[in-house]
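Here is what each chain is made of, one letter per residue.
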Amino acid sequence: EHFKKSCDKIIKQTKYYRLGGDCYMYGMIASGLIDIVLEDTLKAHDYMALIPVIEGAGGIVTDKYGQPITINSDGSILATANKALHNQIIDIINN
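No experiment lies behind these values; they were computed from the predicted model shown.

**Student:** Got a minute to help me understand the layout of surface pockets in this structure?
**Tutor:** Any empty space left between the atoms is revealed when a probe the size of a water molecule rolls over them. Estimated volume of the largest pocket: approximately 820 Å³. Along the wall of the largest pocket there are 25 residues; nearest its centre are Tyr16, Tyr17, Arg18, Ile36 and Val37. Only α1 (2–12), α2 (23–31) and β1 (36–39) provide two or more residues apiece to the lining of the largest pocket. For the lining of the largest pocket, the leading source of residues is α1, giving six residues. Residues that form the lining of the largest pocket fall into these classes: 15 nonpolar, three polar and seven charged.

And the structure:
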């Protein structure tokens, strides 16, 4: 419930948003076409290969608490275009 409320806050502060998109959205963030991807309840095979691509393009990837992603993470992922934006989204989620 808390995560859903956080997502609703983020949606209210964005100009455009899209629900769904799977791996395509991570390619878009790495290409500079979008700024944020936020998902929950994923499995490690859903995101582990995406992390070096996004980080290699200058993006930031953590879980919804701002912790590094590992094979044992909780299934949440926040990928953003830059550190400043990442910090803003983490603050919204956790406050």
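There's more to say after this.
**Student:** Honestly, the environment of Met28 in this entry has me stumped. Any pointers?
**Tutor:** Turning to its location among the elements, Met28 is positioned in helix α2. In sequence terms Met28 and Ile54 are 26 residues apart; their C-alpha atoms lie 9.4 Å from each other. Setting aside residues up to four positions removed in sequence, Met28 forms contacts with Leu33 and Ile34.

**Student:** Please clarify how the sheet that holds strand β3 (residues 77–80) should be interpreted in this entry.
**Tutor:** If you walk across this open sheet you meet the three strands as β1-β3-β2, and the pairing is antiparallel. The open sheet has two free edges, formed respectively by β1 and β2 (60–62), since each of these has just one partner strand. Averaged over all pairs of adjacent strands, the angle between strand axes in this sheet comes to 5 degrees, irrespective of strand direction. Strand contacts of α2: β1 and β3, with the helix running at about 150 degrees to β1, the strand carrying the most contacts.

**Student:** Explanation requested: α2 in the structure shown.
**Tutor:** Because the α-helix completes a turn every 3.6 residues, residues three or four places apart line up on one side. Within the sequence span of α2, burial applies to Met25, Tyr26, Met28 and Ile29. End-on view of α2: buried residues confined to an arc of 155 degrees, all on one side of the axis. In α2, the exposed positions that point more than 90 degrees away from the buried face belong to Tyr24 and Ser31. Each element contacted by the buried residues of α2 is listed here: β1, α4 (50–56) and β3. Just beyond α2, the residue with positive phi is Gly32, at close to 85 degrees.

**Student:** Just to check I follow, could you spell out the pattern of salt bridges for this structure?
**Tutor:** Charged atoms that come close allow side chains of opposite charge to pair. Taken as a whole and judged by the stated rule, the model has one salt bridge. Between Lys64 and Asp40 there is a salt bridge whose closest N-O contact spans 3.3 Å. Taken together, the residues Lys64 in the loop between β2 and β3 and Asp40 in the loop between β1 and α3 (44–47) connect sequence positions 24 residues apart. The exposure class of Lys64 is buried, given its relative accessible area of 11%.

Calculation notes
- Residues numbered from 1 in each chain as written.
- Predicted model: local features only at pLDDT ≥ 70, side-chain atom pairs only at ≥ 80, totals over all residues.
- Heavy atoms only, no water.
- 1 Å grid on protein atoms, 1.4 Å probe; cavity = no way out; pocket = protein on both sides within 12 Å on 5 of 7 lines; lining within 4 Å.
- Points joined across faces, edges and corners; volume = space filled by probe spheres on them.
- Helix = DSSP H or I, 4+ residues; strand = E, 2+ residues; numbered from the N terminus.
- Nonpolar A, V, L, I, M, F, W, Y, C, P; charged D, E, K, R; others polar.
- Contact = heavy atoms within 4.5 Å.
- Pairing = 2+ DSSP bridges.
- Axes fitted to C-alpha atoms, helices over the stretch in contact; angles between N-to-C directions.
- Buried < 20%, exposed > 50% of the residue type's maximum accessible area, 1.4 Å probe, protein only.
- Arc of directions from axis to C-beta.
- Salt bridge = Lys/Arg side-chain N within 4 Å of Asp/Glu carboxyl O.

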